[in-house]
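The residues making up each chain are set out below.
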Amino acid sequence: MMRSMYSAVSGLKTHQTRMDVIGNNIANVNTVAFKSSSVTFSDILYQTTSNASGANATTGTGGVNAKQIGLGTTAAATKVSITSAGASETTGNPFDIRLTDKNSTNFFIVNNGSENVFTRSGSFYVDGSGNLCMSSTGYTVMGWQVDETTGEIRKDTVSALRIMQEKNLTSAPEATTQATIAGVLDENDADVKSDAGKVMNLNFYDNLGYQYTAKFAIKATAKDGEYTVELTSILDSNNKNITEGFTQAQMKEIFGNTDTVTTIASYSSALPGCGYTFDPKTGNLTSAAGVTVTINPDGKLSDNSGKTIKDVFGVSDGNLKNIQESAKANNEDYKFEKVKTTVNGKDTYSYQIKKKSATNLLKFNTKDGKFESIGGGTNKSVELNLNTTSLNANGNFANINVDFSQCLNYNNSGKSTIGADAGAVDGTTGKGRKLGAMTGISIDTNGRIYGTYDNGNTELLGQIAVAQFSNASGLEKVGESCYRTTLNSGEFDGIGVEISADGSSMTTGELEMSNVDLSSEFTSMITTQRGFQANSRVITTSDTLLEELVNLKR
C-alpha cells in the first residue's frame, strides 16, 4: 500500500517537471530563435515478487509469468526541438539575419570572451569598436577574414568580424586607365571649323584619387572625313594647367604622333593711333617717320622703340607670352610671321600667329560615316601617355588608353555630340575612382559582408561562418539563446563551414521566431494537469485505505 503512495509521489514530481518545461516554452513563445523542449517519461524499476517459470512437460502444466510491481516513473529525457525552424519575422534591419537550413541545422558562432558558443538568434549590430555583435548579449560574431594578398576569403580559424575597423572605412582610389570617345562629329559644326576646334573634356583620376581634366580640340582638315585631335591642356582640381609652359615636343610625348601647324590668329592692319601702319598690298610695316620696321622672333619691333606686336596689332597677352617663350627656347612652337596670299593673281599680305601642335589624325569612312582609324593605320585607340618625365615626376599618373571606335561622322544639323568618358566601352573597366568613404554594409545569402563606398566601389570585408553538428539536439543550452557543445553533440573544429555548402542560406532583414506551438503546449498542459491530478488522487486514496486499516481496531 505504501508503494502506491511513493509511486504517485514520483508521478507528481515527473508531471511537475513536465509542467516546468511547458511553462518555459510558453514563456519564450516570442523569444527570437527559441527552441521548444518536451519531456519523455519512463518507468523507474520493478519489485519482483515471483520469478517467471517455464512449462513442465512432466506435470503437464504451463509456464507462469513473473509477478512484478512498478515503483513509479521518472523524467527519462528532455528533448529539444532544435531541428525545427521557427517562422520568419520581417524586421527590415540589415543586421538581422535568419538561417534557412537545407540538409543540416546551422548555428552562428559567437564568442563570449572566453569561449565560442553557438546561437540561432541572428539579431546583430555593430558596436563602438566596429565588431559585429549579438544585440542581446554583446557576444562577438565569428567568421573568416579577407586575405589581403588575394582579396578573397581565407577559411581559417574563426575570429571576430570587425567590419567597421579603420581600414574598412575608406576604399582605395584607382587611377583611370581607359577612356572612350563616343558620339556624333558633324563636319558642319562651327566649332569644328573654328581655329580653337571642338573642345572635349576627359575627367580622370590619378593613383592618389585626385581628379584632372584633359582638354582636347577636334578640328576639321581640308580632306573629307579627316580631323585632327590635339591635347591642349591638362587641368588639376584647382583648374591650374599642369602642362603650362610645355613645349610642342613635350606635348607630343604625351599625346599625338604628327606635327600640325595651324593659324590661330591673323592681322591685316595695325591698330589706330599706334604710330605704325601696315600695308597689306606690300606687306610693309612703316613707322610714323616713314621707316620700314621688321618684327623680331620675340615679338618686339626692330626699331628699338620697345613696342611689341601687342601694341601694334593687338596680339593678346597669352599669345605674346607663347611667342616670347618659343623664341627664348629657340623652337618654333609659336611664330609671328608675314604670309602672302594670292587670290586670282592678286597678292595680299598679313601677319599670322602659327602654332605647331602634336595631333592624332581621326579618320572616318566617307561612305557610311563610321569610325575608321585614329593615329594612322587601323588603330581604334591611342595612348594618353601621362607617364612622362616632365609630367609624372611623382609617379602618380597611369597611362590612359583612349578608344575612338564609338565615334560617328554624321549630319546632325550642325551640332556635334561627341564627348569623352572615363572607362572602357563597358562603362566600368579602367574608369578610375577617388578615395571612397563607406556609405553602407550589406550581407549576401552566403554570409559574405560587403562594404559600399561613395566612389562606386564594393569591397569584401569578411564572411560569417556557421557551425554544423552531427547531433544538434545534443547541444547544451547555456541561456541567452546560446548553446555549448557536449560529448553527445559532436565537436566544433574551430573553423566552421560555409552555409551554402549544403544549399542553406542566410536572409537579411529577417529573424527566426520561436518554434513554440501554443496549441500543442496547451494540449500538453491539459494532459499534464490531469496526470498530476490522477497521481494526487492515488495518494489520497492510499491514505483512505491506511485510515481504514488503522480503524480496524477501535
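These numbers come from a predicted model, not from an experiment.

**What about the UniProt feature "domain: Flagellar basal-body/hook protein C-terminal" (unreviewed entry) in the protein?**
Turning to step 1, where the next piece is worked out: When the UniProt feature table is mapped onto this chain numbering, "domain: Flagellar basal-body/hook protein C-terminal" (unreviewed entry) sits at residues 509-552.
Turning to step 2, where the next piece is worked out: Structurally, residues 509-552 is divided into 75% helix and 7% strand, and its ends, taken at the C-alpha atoms, are 75 Å apart.

**Considering the sheet that holds strand β26 (residues 400-408)**
Turning to step 1, where the next piece is worked out: One open sheet accounts for four strands, arranged β25-β26-β14-β27; its pairing is mixed. In this open sheet, the two edge strands, each paired with only one partner strand, are β25 (381-384) and β27 (419-422). Neighbour to neighbour, the strand axes of the sheet diverge by 25° on average, direction disregarded.
Turning to step 2, where the next piece is worked out: Note: strand β14 (residues 178-184) against β26, six bridges, orientation parallel. In the strand pairing of β26, alanine 179 is matched with valine 402.

**Regarding the layout of surface pockets**
Turning to step 1, where the next piece is worked out: Volume-wise, the largest pocket comes out at about 730 Å³.
Turning to step 2, where the next piece is worked out: Forming the walls of the largest pocket are 30 residues, and the residues nearest its centre are Thr232, Phe246, Asn322, Tyr334 and Lys355.
Turning to step 3, where the next piece is worked out: Mapped onto the lining of the largest pocket, the elements with two or more residues apiece are β16 (211-220), β17 (226-235), α3 (248-254), α5 (317-329) and β23 (346-364).
Turning to step 4, where the next piece is worked out: Ranked by the residues each element gives to the lining of the largest pocket, the list is headed by α5, at six residues.
Turning to step 5, where the next piece is worked out: Considering only residue class, the lining of the largest pocket consists of nine nonpolar, twelve polar and nine charged.
Turning to step 6, where the next piece is worked out: Considering only enclosed or pocket space, the second largest pocket measures out at about 270 Å³ in volume.
Turning to step 7, where the next piece is worked out: Considering the residues around the second largest pocket, the lining is formed by 13 residues, among which Val146, Glu148, Lys167, Asn168 and Leu460 are closest to the centre.
Turning to step 8, where the next piece is worked out: Of all the secondary-structure elements, those providing two or more residues to the lining of the second largest pocket are β11 (140-146) and β30 (458-464).
Turning to step 9, where the next piece is worked out: With three residues, the top contributor of residues to the lining of the second largest pocket is β30.

**Notes on the domain arrangement of the protein**
Turning to step 1, where the next piece is worked out: When its domains are assigned, the protein resolves into domain 1 (1-52 + 64-81 + 523-553), domain 2 (87-171 + 436-513) and domain 3 (202-396).
Turning to step 2, where the next piece is worked out: Domain 1 and domain 2 are separated by 43 Å when their C-alpha centres are compared.
Turning to step 3, where the next piece is worked out: With seven residues of domain 1 at the contact, the number on the domain 2 side is nine residues.
Turning to step 4, where the next piece is worked out: Interface area, domain 1 with domain 2, both sides summed: about 760 Å², of which 49% is carbon and sulfur.
Turning to step 5, where the next piece is worked out: The largest contributions to the domain 1 side of the interface with domain 2 come from Val32, Ala33 and Lys35, which together make up 65% of the buried area.
Turning to step 6, where the next piece is worked out: Counting every contact that joins domain 1 to domain 2 gives one salt bridge.
Turning to step 7, where the next piece is worked out: In this assembly, domain 1 and domain 2 are joined by three residue pairs in polar contact (both at pLDDT 80 or more).
Turning to step 8, where the next piece is worked out: Taken together, the residues of the side of domain 1 that touches domain 2 break down into four nonpolar, two polar and one charged.

**With respect to the nonpolar core**
Turning to step 1, where the next piece is worked out: Of all hydrophobic cores here, the largest spans 34 residues; its most connected members are Phe216, Leu231, Leu362, Leu384, Leu386 and Phe404.
Turning to step 2, where the next piece is worked out: Residues in contact with leucine 386, not counting those within four places in the same chain, are Phe204, Ile234, Ile254, Leu391, Asn392, Phe397, Ala398, Asn399 and Ile400.

**As for the environment of alanine 182**
Turning to step 1, where the next piece is worked out: Residue placement: alanine 182 occurs in strand β14.
Turning to step 2, where the next piece is worked out: For alanine 182, a relative accessible area of 30% gives the class partly exposed.
Turning to step 3, where the next piece is worked out: On a C-alpha basis, the gap between alanine 182 and aspartate 303 in space is 52 Å, while along the polypeptide they are 121 residues apart.
Turning to step 4, where the next piece is worked out: Those residues in contact with alanine 182 that sit more than four places away from it in its chain are Gln406, Cys407, Thr417, Ile418 and Gly419.

**Re the pattern of salt bridges**
Opposite charge on two side chains permits them to pair, given that their charged atoms come into close proximity.
Turning to step 1, where the next piece is worked out: Taken as a whole and assessed by the stated rule, the structure comprises 21 salt bridges.
Turning to step 2, where the next piece is worked out: Glutamate 226 serves as the salt-bridge partner of lysine 223, at 3.6 Å between the closest nitrogen and oxygen.
Turning to step 3, where the next piece is worked out: One salt bridge connects glutamate 332 with lysine 335, and the closest N-O pair in it is separated by 3.8 Å.
Turning to step 4, where the next piece is worked out: When its relative accessible area of 29% is taken as the criterion, lysine 335 is described as partly exposed.

**Things to note about the environment of glycine 509**
Turning to step 1, where the next piece is worked out: Mapping glycine 509 onto the fold places it in the loop between β34 (505-508) and β35 (510-512).
Turning to step 2, where the next piece is worked out: Sequence separation of glycine 509 and valine 550 is 41 residues, and the distance between their C-alpha atoms is 71 Å.
Turning to step 3, where the next piece is worked out: Those residues in contact with glycine 509 that sit more than four places away from it in its chain are Glu89, Thr90, Thr91, Gly92, Asn93 and Asp96.

**Remarks on unusual backbone geometry**
Turning to step 1, where the next piece is worked out: Here asparagine 239, not a glycine, exhibits a phi torsion of approximately 65°, which is positive.
Turning to step 2, where the next piece is worked out: For asparagine 239, the position within the fold is in the loop between β17 and α3.
Turning to step 3, where the next piece is worked out: In the Ramachandran plot, serine 413 falls in the positive-phi region, its phi being about 60° despite a non-glycine side chain.
Turning to step 4, where the next piece is worked out: Within the secondary structure layout, serine 413 lies in the loop between β26 and β27.
Turning to step 5, where the next piece is worked out: Overall, the relative accessible area of 68% leaves serine 413 in the exposed class.

**Re the side chain of threonine 228**
Turning to step 1, where the next piece is worked out: For threonine 228, the position within the fold is in strand β17.
Turning to step 2, where the next piece is worked out: In this view, threonine 228 contacts Ala217, Ile218, Lys219, Thr221, Thr260, Thr359 and Asn360; residues no more than four positions away in its chain are not counted.

**Topic: the packing of aromatic side chains**
By convention here, two paired aromatic rings are described through the distance between centres and the angle between planes.
Turning to step 1, where the next piece is worked out: In this structure the tally under the stated criterion is 17 aromatic pairs.
Turning to step 2, where the next piece is worked out: Look at phenylalanine 107 and tyrosine 483: their rings are 5.8 Å apart centre to centre, the planes differ by 70°, and that puts the pair in the edge-to-face class. With phenylalanine 107 in strand β7 (residues 106-111) and tyrosine 483 in strand β33 (residues 482-484), the pair connects residues that are 376 residues apart, well separated along the chain. Take phenylalanine 107 and tyrosine 483: they sit in the same class, and that class is buried.
Turning to step 3, where the next piece is worked out: Here a set of aromatic residues connected by ring pairs shows up, and it is made of Phe107, Phe118, Phe469, Tyr483 and Phe492.
Turning to step 4, where the next piece is worked out: Positioned over the ring face of phenylalanine 41 is arginine 18, at 5.9 Å from the centre of the ring.

What counts and what doesn't
Residues numbered from 1 in each chain as written. Predicted model: local features only at pLDDT ≥ 70, side-chain atom pairs only at ≥ 80, totals over all residues. Heavy atoms only, no water. UniProt positions renumbered as here; feature names shortened; annotations may be inferred. Helix = DSSP H or I, 4+ residues; strand = E, 2+ residues; numbered from the N terminus. Pairing = 2+ DSSP bridges. Axes fitted to C-alpha atoms, helices over the stretch in contact; angles between N-to-C directions. 1 Å grid on protein atoms, 1.4 Å probe; cavity = no way out; pocket = protein on both sides within 12 Å on 5 of 7 lines; lining within 4 Å. Points joined across faces, edges and corners; volume = space filled by probe spheres on them. Nonpolar A, V, L, I, M, F, W, Y, C, P; charged D, E, K, R; others polar. Domains from an automatic or database assignment. Contact = heavy atoms within 4.5 Å. Buried area = accessible area lost by both parts, 1.4 Å probe. Salt bridge = Lys/Arg side-chain N within 4 Å of Asp/Glu carboxyl O. Polar contact = N/O pair within 3.5 Å; in protein donor to acceptor, adjacent residues only side chain to side chain. Core = buried A, V, L, I, M, F, W, Y, C linked by side-chain atoms within 4.5 Å. Buried < 20%, exposed > 50% of the residue type's maximum accessible area, 1.4 Å probe, protein only. Phe/Tyr/Trp six-rings, centres within 6.5 Å; stacked < 30°, edge-to-face > 60°. Lys NZ or Arg CZ within 6 Å of the ring centre and 35° of its normal.

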